[in-house]
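Observations on the three-dimensional arrangement
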Amino acid sequence: MNIRDKLDFGGLRFIDLIFNLLMVMTVMFILAFIHMSKNDETGEINLKESYLIVMEWNHKAKYDIDLHMTTPDKRRIFFNNKHHTIGSLERDDLGSANDKADDGTILELNREVIYVRQFMDGFYVINVHFYSNASNDDTKQDITVEIVKLNPYKIIFRKSIDKELALREEITAVSFLYDSEKDLIYDIDENTQYNFIKSGK
Ligand SMILES: [Ca+2]
Ligand SMILES: [Ca+2]
């Protein structure tokens, strides 16, 4: 008697049916996803109106710096509230604390990125905050902030913050307005300071 004979035949047919249905659904999902994410003519992934806000600091530094962005609906994207309708903070980089992979590989990288799939109309402020420095590391900060448009690729704004922030200090890197009809970032202001972070929360 083989294994099929040992199993309840009705149950086996049911499992076959479910398995086949799952296969069909998986293939349909993959086809739909490919269709949705590609431009039919160029084959490129359609990231029109998508942007990245990229903040980096000295990759050798151990301390934790945070990226914050306020949105026109009076909300804020940051480590404690990563997700918003318009986009998400991809990772809270803690400095050196979470740069070690499970196999011991160390990725010496200090970068936080907010992926904006589509801005809403209105006013945005991007702040950088020196959150914690448990090991009293005095490595130079070398903070940079970029706004990058993904398709077509273009660096809209880039700034090196030449100031060394004190612990718990925040600084406005840039504020701007966005017009969705024109897909345009305008009135870029890197001088006016807006403070809205209280103890990093
Ligand atoms: Ca951080
Ligand atoms: Ca890091």
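Our structure's up above, just so we're on the same page.
Remember, it's a predicted structure, so these values are computed and weren't measured experimentally.

Within the secondary structure, G87 sits in strand β5 (residues 87-89). Taking the C-alpha atoms as reference, G87 lies 7.1 Å from Q118; in sequence the two are 31 residues apart.

Take unusual backbone geometry next. For the bond running from N151 to P152, omega is 0°, close enough to zero to count as cis. With respect to the helices, strands and loops of the structure, P152 is situated in the loop between β8 (143-150) and β9 (153-161). With phi around 70°, E49 is a residue other than glycine that occupies positive phi space. If you trace the backbone, E49 turns up in the loop between α2 (9-37) and β1 (51-56). In this structure, D187 takes a positive phi of about 50° despite not being glycine. Here D187 is to be found in strand β11 (residues 184-189).

This paragraph deals with the environment of E169. The topology assignment puts E169 in the loop between β9 and β10 (170-179). Given 13 C-beta atoms within 10 Å, E169 falls into the partly exposed group. Along the primary structure E169 and F130 are separated by 39 residues, whereas in three dimensions their C-alpha atoms are 5.6 Å apart.

The subject of this paragraph is the nonpolar core. Ranked by size, the top nonpolar core spans 29 residues in total, and within it I53, I65, L67, M69, I114, I126 and V128 carry the most contacts. Listed by contribution, the elements that provide at least two residues to this core are β1, β2 (64-70), β6 (111-116), β7 (122-132), β8 and β10. Tallying contributions element by element places β7 first for this core, with 6 residues. Not counting the four nearest positions on each side in its chain, V128 is found in contact with M55, I65, L67, I143, V145, I161, E170, I171 and A173.

All right, on to the pairing of β8 then. Where β1 and β8 come together, 6 bridges link them in antiparallel fashion. Directly across from V54, in β8, lies its bridge partner E146. In terms of strand pairing, β8 meets β9 through 8 bridges, oriented antiparallel. For L150, the partnering residue across the bridge sits in β9 and is Y153. Between β8 and the antiparallel strand that follows it, β9, lie 2 residues.

What follows is about the sheet that holds β1. Across the sheet, 6 strands lie side by side as β4-β5-β6-β1-β8-β9; this open sheet has antiparallel pairing. Each edge of the open sheet carries a strand with a single partner, namely β4 (83-84) and β9.

So, about the sheet that holds β10. As summarised here, the arrangement of the 5 strands in space is β3-β2-β7-β10-β11, forming an open sheet in which the pairing is antiparallel. Unpaired on one side and paired on the other, β3 (76-77) and β11 mark the two borders of the sheet.

Looking now at the environment of L150. Within the element layout of this structure, L150 appears in strand β8. As a C-alpha pair, L150 and L52 span 98 residues in sequence and 7.4 Å in three-dimensional space. Apart from the residues lying within four places of it in its own chain, the contact partners of L150 are L47, S50, Y51 and L52.

Conventions adopted
Residues numbered from 1 in each chain as written. Chains lettered and ligands numbered in written order. Predicted model: local features only at pLDDT ≥ 70, side-chain atom pairs only at ≥ 80, totals over all residues. Helix = DSSP H or I, 4+ residues; strand = E, 2+ residues; numbered from the N terminus. Buried ≥ 20, exposed ≤ 12 C-beta atoms within 10 Å, placed from the backbone. Core = buried A, V, L, I, M, F, W, Y, C linked by C-beta atoms within 7 Å. Contact = placed C-beta atoms within 7 Å. Pairing = 2+ DSSP bridges.

That is the geometry; function is a separate question.
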